[in-house]
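Listed below are the residues making up each chain.
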Amino acid sequence: MAVSFVTLFQWKLNSVLLQQENEILLGVKDQILSLVSKLDEVGSFLGDPFFWTLHARETAKSFLTLSKTELGKKEKEQMVSLIRKLDEVTGVSGDVERIWASYKTWVSEIRGTLREADDYVDDFIVKVYGQTEQDQKESTAEFGSEIENIKSRVSEIMDRSPQLRFSPNLKEDIKKLLRSKFDEGTPLISCMLSYMNLPYDLKLSLLFCCAFRRVCGKTKADLVRVLVAAGLVQEKSGEVMEDKAHVNLERLVDLGMLKEEVSTWDYYSVPSPYYEFSLSVMNAEDFFISTENSDSMIISPMARHVSILEVANTITSMNNLQHSLFVSAKDGLSKASSDCLRTVYLGVTHSKLTELPESIGNLRNLQTLDISWSKSEIEASNGVLNVVQLRHLKMYQSTNDGEVGVPQGISRLRNLQTLEGIYASGGIAKELGIMTQLRSLEVRCVSDDHADELYVSIMKLTRLQKLSLYVERVSESCDSSSSLQYENSILPCLESFSPPPLLQTLELEGRLIEMPLWLGSMQNLTELHMYNCQLSENPTTNLKFLPNLKYLQMFKAYKGRRMDKEFFGVGGFPKLEYLYISSDNLVEWTEIEEGALPCLKQYLFSTA
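The structure displayed is predicted, hence computed values, not measured ones.

(A) Broad picture of the overall build of the protein chain. Helix and strand content of the protein chain: 18 helices and 18 strands. Residues counted as buried form 56% of the 608 residues belonging to the protein chain. Contacts in the protein chain between residues far apart in sequence, at least 24 positions, make up 57% of those at least 6 positions apart. For the protein chain, the accessible area works out to roughly 26,600 Å², and carbon and sulfur atoms hold 47% of it.

(B) Focus on the packing of aromatic side chains. Considering all chains together, one arrives at 11 aromatic pairs under this definition. Ring geometry for F45 versus W106: centroids 5.2 Å apart, planes at 70°, classification edge-to-face. Of this pair, F45 sits in helix 3 (residues 29-46) while W106 sits in helix 6 (residues 96-128); the two residues are 61 residues apart in sequence, bridging distant segments of the chain. Where Y603 meets F605, the ring centres are 5.6 Å apart and the plane angle is 45°; that geometry is what we call tilted. By relative accessible area, which is 47% here, Y603 ends up partly exposed. A relative accessible area of 17% places F605 in the buried class. Grouped by ring-pair contacts, the aromatic residues Y120, F124 and F143 constitute a single cluster. Over the aromatic face of Y195 sits the side chain of K203, whose NZ or CZ is 5.8 Å from the ring centroid.

(C) Representation of a negative patch on the surface. Taken together, the side chains of D448, D449, D452, E453 and E472 make up a negatively charged region of the molecular surface. With respect to the secondary-structure elements, D448 resides in helix 16 (residues 448-458). On the accessibility criterion, D448 (62% relative accessible area) is exposed.

(D) Region of the structure containing helix 4 (residues 49-66). With 18 residues, helix 4 should cover 26 Å at 1.5 Å per step; its first-to-last C-alpha distance of 26 Å lies within 8% of that length. Counted residue by residue, helix 4 has 14 buried out of 18 residues, so it is predominantly covered.

(E) Focus on the pairing of strand 6 (residues 343-347). Most of strand 6 sits inside the fold, with 5 of its 5 residues counted as buried. Direction of pairing for strand 6 relative to strand 7 (residues 368-374): parallel, over a ladder of 3 bridges. Bridging across to strand 7, G347 finds its partner in D370.

(F) Spotlight on the pattern of salt bridges. Summed over all chains, the structure comprises 15 salt bridges. The salt bridge involving D118 is made with K12; its shortest N-O contact spans 2.8 Å. Of this pair, D118 sits in helix 6 while K12 sits in helix 1 (residues 2-19); the two residues are 106 residues apart in sequence, bridging distant segments of the chain. By relative accessible area, D118 is classed as buried at 12%.

(G) Spatial organisation of the environment of Y551. Following the sequence through the fold, Y551 ends up in strand 14 (residues 551-555). Note on Y551: relative accessible area 10%, which makes it buried. Residues Y551 and L576, 25 residues apart in the sequence, show an inter-C-alpha distance of 6.0 Å.

(H) View of the environment of I157. Tracing the chain through its elements places I157 in helix 7 (residues 133-159). Placed 47 residues apart in sequence, I157 and I110 show a C-alpha to C-alpha distance of 6.9 Å.

Cut-off values and rules
- Residue positions are given per chain, counting from 1 as you read along its sequence in written order.
- The model is predicted, so local features are restricted to residues of pLDDT at least 70 and side-chain atom pairs to those at 80 or more, both for listing and for counting; the totals for chains, interfaces and linings are taken over all residues.
- Side-chain figures throughout are based on the complete set of non-hydrogen atoms in the structure, without hydrogens or water.
- Strands are runs of DSSP state E lasting at least two residues, helices are runs of H or I lasting at least four, and both sets are numbered from the N terminus onward.
- Burial status follows relative accessibility: with a 1.4 Å probe on protein chains alone, a residue under 20% of its type maximum counts as buried, one over 50% as exposed, and anything between as partly exposed.
- Should any heavy atoms of two residues lie within 4.5 Å, those residues are counted as being in contact.
- Exposure was quantified through the Shrake-Rupley algorithm and a 1.4 Å probe, taking into account, for residues, occlusion by the shown protein chains and nothing else.
- We call Phe, Tyr and Trp rings a pair once their centres come within 6.5 Å, taking the six-membered ring for Trp, and we label the pair stacked below 30 degrees between planes, edge-to-face above 60, and tilted otherwise.
- Charges are assigned to positions over rings by a cutoff of 6 Å between ring centre and Lys NZ or Arg CZ, combined with an angular limit of 35 degrees from the ring normal.
- Each patch is built from residues lacking any salt bridge and having more than 30% relative accessible area; the joining distance is 9 Å for like charges and 5 Å for nonpolar side chains (Val, Leu, Ile, Met, Phe, Trp, Tyr).
- Salt bridge, as applied in this entry: a Lys or Arg side-chain nitrogen positioned within 4 Å of an Asp or Glu carboxyl oxygen.
- Lys and Arg are tallied as positive, Asp and Glu as negative. Neither His nor the chain termini are counted.
- One atom stands in for each charge, and that atom is NZ of Lys, CZ of Arg, CG of Asp or CD of Glu.
- How far a helix is expected to stretch is found by multiplying one less than its residue total by 1.5 Å.
- Pairing between strands is defined by DSSP: at least two bridges between the two strands are required.

Here is the structure:
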């Protein structure tokens, strides 16, 4: 874990060089690169097999302590045997506690120095934004001097690194030990060693998947945003960090350390014993602290990442917190949350929030802001325009049609990739056409007065991968007792629309007069949701030949009473895995023909 901490700080330094305008940091670029080079030396030292062995030993001890009551006799004996064998192969039997204490003291000093440096970089990012040119020059010069000081301190610590004697063949000895002593007959040990051998970015990704469990409501997309906000993905020019985070999660799935929850499809879970191993690491390292609520919470000064699932209105222990925070506040934005300038992920979901305060602009390091499912009418304030690092803005209110107004000038947020729940009237529809970096867009309360302008803008968003369009509901048609409550709520002008070429997920809510022809030609579409479309024609006629469609949900999308062999016949939907159909009118459907829907994993029909 120590080498991971070094690497993450290197990534942050490289990210600073990429994000800030070149002229601001041109004078200190050499100092930054010199520090990165020095950190390479530290990482190389910490990556030695001896340190790997010590870390494996500490993880095994922590796992044994945390899982003592759940482990059987054989499993306990296996874990104790592993600890003993690791001591023997490193030649430190009888003296391991002293050596481990010496190592931890030295690593703690390195971590403390880099922790302060990490905070200093965050402070610089906040400070330099909005300064005059002269003030920027002075701040940057000061920043360069501090970078030099950090490098000197790291060099001094490296000069005091533990002088440990061990066999020059240690790496080969460890491999021989693992092959001979721990094979298929000891699955628990094999799982732990597989976990220990993960690359640091995958290992840390797994830790975060454990911290943000399914019960927290974190979808796959949410987890991707968390990993990026935590700095677990290296930023490189021309690459999208969210794509890399998604690849890392899929690699963990391939390794069996993550699994998709079939019943919910859009969630991951961490199976045993990898979940327990991850908890052991978090317990041993104080790297991540996750708590259900903030009452009487004590946060270790060693923790770099803190997750608070239900924050109180005031958190006195957080007022001077110097960490990256992942906060979920159900009762509004607490003073503590708005004062913590290093907050990177802020979720204020299912709250009674009536306004987004201007002070939100103080959170210059914030990458994700989620104010979904607000119980009151809410609008985004002008303060959000100052959150220059913001990548994901998710909004939804449970009143009206769920739309949330955003201020003009929203296109100033050049890093924004997700913009969900917005109302596009008042010139916002046209402004969206400038935001070509967007990858996910959700527009609510779509109506005739801005639909044409909105669709023209969307067609310019060539990087868009997810699009959600929700119609403005006509009030007189909203009798909840009627199955045709969307009869007069028509999603306008879709005939002239042409979807962006990379679109993978499409959500449509509102009555469709007829099925748009372009829907049947979306080669990259993998997920389609159709709500209250009330089509008279069977929509599957156009959809069944989509080559990559995996998920199809039709909620009151079709007014027909039968689903016959035209839908369930052989040859259609070659990759469909999940199928959900709900209809008030559906009374009969044909059995699925043998050989039809060859990839189907789950299906659900409902007439309610």
